[in-house]
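Below are the chains, spelled out letter by letter.
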Protein chains: 2
Amino acid sequence: MSQIFIRKQITLLLTGFCVLILNSPIQSQQKDVCIALHGGAGNISKATLTEEEQNAYKEKMVEALKVGYEVLKNGGSSVDAVEKAIRVLEDSPLFNAGKGAVYTANGTIELDASVMCGKSLKAGAVAGVTIIRNPISAAIKVMTLTPHVMLIGKGAEDFALAQKLDTAGPSYFYDEKRWLQYLEKKEKGELTSGNKNIIFGTVGVVAMDKEGNLAAGTSTGGMSYKKNGRVGDSPIIGAGTYADNRYGAVSCTGHGEFFIRNVVAYDIIALKAYKGWSIEKAARYVICDKLKKQGADGGVICIDSKGNISASFNTSAMFRGYINKKGEMKVDIF
Amino acid sequence: MSQIFIRKQITLLLTGFCVLILNSPIQSQQKDVCIALHGGAGNISKATLTEEEQNAYKEKMVEALKVGYEVLKNGGSSVDAVEKAIRVLEDSPLFNAGKGAVYTANGTIELDASVMCGKSLKAGAVAGVTIIRNPISAAIKVMTLTPHVMLIGKGAEDFALAQKLDTAGPSYFYDEKRWLQYLEKKEKGELTSGNKNIIFGTVGVVAMDKEGNLAAGTSTGGMSYKKNGRVGDSPIIGAGTYADNRYGAVSCTGHGEFFIRNVVAYDIIALKAYKGWSIEKAARYVICDKLKKQGADGGVICIDSKGNISASFNTSAMFRGYINKKGEMKVDIF
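These numbers come from a predicted model, not from an experiment.

Enquirer: It is not clear to me how the overall build of chain A should be interpreted in this structure. Could you clarify?
Expert: Check the secondary structure of chain A and you find ten helices and 14 strands. Relative to its full complement of 334 residues, chain A shows a buried share of 58%. Across chain A, contacts joining residues at least 24 apart in sequence account for 69% of those joining residues at least 6 apart. Surface summary for chain A: the accessible area is close to 13600 Å², and the carbon and sulfur share equals 53%.

Enquirer: Honestly, the pattern of salt bridges in this entry has me stumped. Any pointers?
Expert: Once the charged atoms of two side chains with opposite charge are near each other, the side chains can pair. The tally for this structure, following the rule as stated, stands at 24 salt bridges over all chains. For the salt bridge of Asp332 of chain A with Lys330 of chain A, the shortest nitrogen-to-oxygen distance reads 4.0 Å. When the shortest N-O distance is used, the salt bridge between Lys293 of chain B and Asp289 of chain B registers 2.8 Å. Linking Lys293 of chain B with Asp289 of chain B, this pair stays in helix H10 (residues 279–293), spanning four residues, or about one helical turn. On the basis of relative accessibility, which here comes to 26%, the residue Asp289 of chain B falls in the partly exposed class. What you see here is one network of salt bridges that share partners, running through Arg320, Lys330 and Asp332 of chain A.

Enquirer: Just to check I follow, could you spell out the environment of Asp267 of chain A for this structure?
Expert: Locating Asp267 of chain A in the fold gives a position in helix H9 (residues 264–275). Assessed through its relative accessible area of 0%, Asp267 of chain A is described here as buried. Each C-alpha atom of the pair Asp267 of chain A and Tyr242 of chain A lies 9.6 Å from the other, and the pair is 25 residues apart in sequence. For Asp267 of chain A, the residues in contact, after removing those within four places along its chain, are Asn262, Val286 and Lys290 of chain A together with Tyr266 and Tyr274 of chain B. Among the polar contacts made by the side chain of Asp267 of chain A, one reaches the side chain of Tyr274 of chain B at a distance of 2.6 Å.

Enquirer: Can you help me understand a positive patch on the surface in this one?
Expert: A contiguous patch of positive charge on the surface is contributed by Lys31, Lys306, Lys325 and Lys326 of chain A. On the basis of relative accessible area, Lys326 of chain A is assigned to the exposed category, the value being 70%.

Enquirer: Is there a simple way to explain the pairing of strand E3 (residues 123–129) of chain A in this structure?
Expert: Remark: a regular strand shows side chains that alternate across the two faces of the sheet. All names here are of chain A. In terms of residue burial, E3 counts as a mostly covered element, since seven of its seven residues are buried. Taken together, the five bridges between strand E2 (residues 111–117) and E3 define a ladder with antiparallel strand orientation. When the bridges of E3 are listed, Ser114 appears paired with Ala125. From the end of E2 to the start of E3, which pair antiparallel, there are five residues, and Leu121 there has a positive phi angle of about 60°. Sheet analysis places E3 next to strand E4 (residues 150–152), joined by three bridges and oriented parallel. Looking at E4, one finds that Val126 is bridged to Leu151. At this point the chain moves from E3, through helix H4 (residues 135–145), to the parallel E4, and the crossover so formed is left-handed.

Enquirer: Looking at this model, I keep getting lost on the interface of chain B and chain A. Mind explaining?
Expert: Interface size is commonly expressed as the accessible surface area that is lost when the partners come together. Contacts between the two partners involve 40 residues from chain B, matched on the other side by 40 residues from chain A. Overall, the association of chain B and chain A removes approximately 3400 Å² of surface from exposure, summing both partners, and the carbon and sulfur fraction of that is 67%. Between the two partners, chain B and chain A, sit zero salt bridges. Here the side of chain B that touches chain A is composed, by residue class, of 23 nonpolar, nine polar and eight charged.

About the criteria used
- Counting starts from 1 at the beginning of each chain's written sequence and moves along it residue by residue.
- Chain letters start at A and ligand numbers start at 1, both assigned in the order the entries are written.
- Side-chain atom pairs in this predicted model are given and counted only at pLDDT of 80 or more, local residue features only at pLDDT of at least 70, and totals for whole chains, interfaces and linings cover all residues.
- As a convention, hydrogens and water are excluded, and side-chain values are obtained from all of the structure's heavy atoms.
- For the purposes of this entry, the term helix denotes a DSSP run of H or I that reaches at least four residues, the term strand denotes a run of E that reaches at least two, and both are numbered from the N terminus.
- Burial status follows relative accessibility: with a 1.4 Å probe on protein chains alone, a residue under 20% of its type maximum counts as buried, one over 50% as exposed, and anything between as partly exposed.
- Contacts between residues were defined by any pair of non-hydrogen atoms, one from each residue, lying within 4.5 Å.
- Per-residue and other accessible areas follow the Shrake-Rupley method at a 1.4 Å probe size, with only the shown protein chains counted as cover for residues.
- Salt bridge, as used here, is a side-chain nitrogen of Lys or Arg placed within 4 Å of a carboxyl oxygen of Asp or Glu.
- In the analysis that follows, any N or O atom pair within 3.5 Å is treated as a polar contact, provided that within protein one partner can donate a hydrogen and the other can accept it, and provided that, for residues neighboring in sequence, both atoms belong to side chains.
- Like charges are joined within 9 Å and nonpolar side chains (Val, Leu, Ile, Met, Phe, Trp, Tyr) within 5 Å, but only among residues with over 30% relative accessible area and no salt bridge; these make up the patches.
- Residues scored as positive are Lys and Arg, those scored as negative are Asp and Glu, and His as well as the terminal groups of each chain are ignored.
- Charged groups are reduced to one reference atom each: NZ for lysine, CZ for arginine, CG for aspartic acid, CD for glutamic acid.
- Paired strands, in this sense, are two strands between which DSSP finds at least two bridges.
- Handedness of a crossover: with both strands directed away from the viewer, a clockwise path from the first strand across the helix to the second marks it as right-handed.
- We define buried area as the total accessible area lost by two parts upon association, computed with a 1.4 Å probe and summed across both.
- In this count, Pro and Cys sit with the nonpolar residues alongside Ala, Val, Leu, Ile, Met, Phe, Trp and Tyr, while Asp, Glu, Lys and Arg are called charged and the others, Gly among them, polar.

Have a look at this one:
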């Protein structure tokens, strides 16, 4: 063997070694992934839901968690996991989002959704859309394909159509149970905000991917029998949704007007950023102290910058679940 | 005189004395009123505006300040002062709000506004309205007459019509200069967000009344040549507007998408609430450090809980003015 050949071999070996060294830290920097979701909060008792109904909710939450977790385990982004998991919940009639959306006072449906990426601090939202099957996907397209954060009404729908997102008509969104609820409310002329025995069925997902990037997303049909054009906290960045890799990711559900006035999602982040509180402590304070004192019902799911999952709610129930960093899964209602 | 009569007289005297004592602190608790406004921020130089144009802007700002201050001096609420002052700016073609609104990419106008009361923490907002002459008044009606915070699009318009608010058609909103700007942008297919030499002509007012109650309001035509349905920070409570008697009142103007992602108005409040910073220091940090680093142009006006007025902006100009607690008035551009 010539000296040149030997040198080349050594160089190749060293290069390979360097590549290994360079690769190893990247490998070891990969985080354990985790995901959490909520499917709304409310003051319902165990007697309100049959065991069969409880199981149906739990099964759907398990399905959504698994879909999102699969994305994360395969190296997908937290934004992608949030989208896929929320789509499962939007496609189910069980939750007040997408297919299961409640009716407005006019007997129509108006959907809102938002998303935020904790790495880029980019965000997207749509509000008041009526023909988009999966509003969370429209929100993500706003974030990734436009210089804007929020599109509303027909402008949002035109954009979603241009992106070839799936549309759906009134027959898709029709649900007999929801419609009967609507007719009952219409007879009473009752706006949900005055009713304490309701579930805010908004759905939300927070996730951390292998890169340690956080994301949060929220989707809703809004408040049952709401005034047309009413928008709650779900599509409002800072109120219903927030994510910042340095602090955490938050998705809310509850009486939207109070969540807007209290800027709930960002308030939790601010307590971490400016007071050094844990995200869990901050969420508990905002939901169970600050909002509780105002008579505002609701809850929140969070993942902090280290992947710790927490859920806080001041109601008797919140549909919720997680798969933590160890891969342990749990879903719960009460 | 009988003893009973004398006793009655003494009791009456004492009662009167007590009433005086009770009344005196209330009288002395009355605060000196103050008001501040902005009419947008941007990177324009003195050469961009003729002296005549500068004077026109200044005169209109003086008019708005005086109208709001008059409300406050007469014992009116800060919310009322905010409304009256913003209406002056909305009715002028000089500012990008109400009559002077810029055109969307479709050549239409879409107006947004919001308001917040620092005493009750109640808030109101409208977004994407096209026929309401004074969106700030619609936002205030949402706050005071509905259980909601935000109404958008046709739902917001139907509500405003039911409240008999003044409407206006395309001919009212038509402005030759704005239209020519629109046609130029249309030819270039240019979205304003990429253009650094623009003025974000949003208007906003913050005020403190005799009761020491704060209020903040913001109104805009949004971003010139914006995509239809695009909503910026102006109608978003927490992003463009926030007020809390304990901390301060804030109204923003600037590149709305960044103001939403950074929850600017509430972030300033949170820095005061959680880190104990002055509102002025908090505003300077958020606008001139945090946003500046992100390449986001804009500014903010604030009144803190003691009635101290401040303005922060990271652009070369912000239309702004105030009448402080001493009754001193100042308006400025650069």
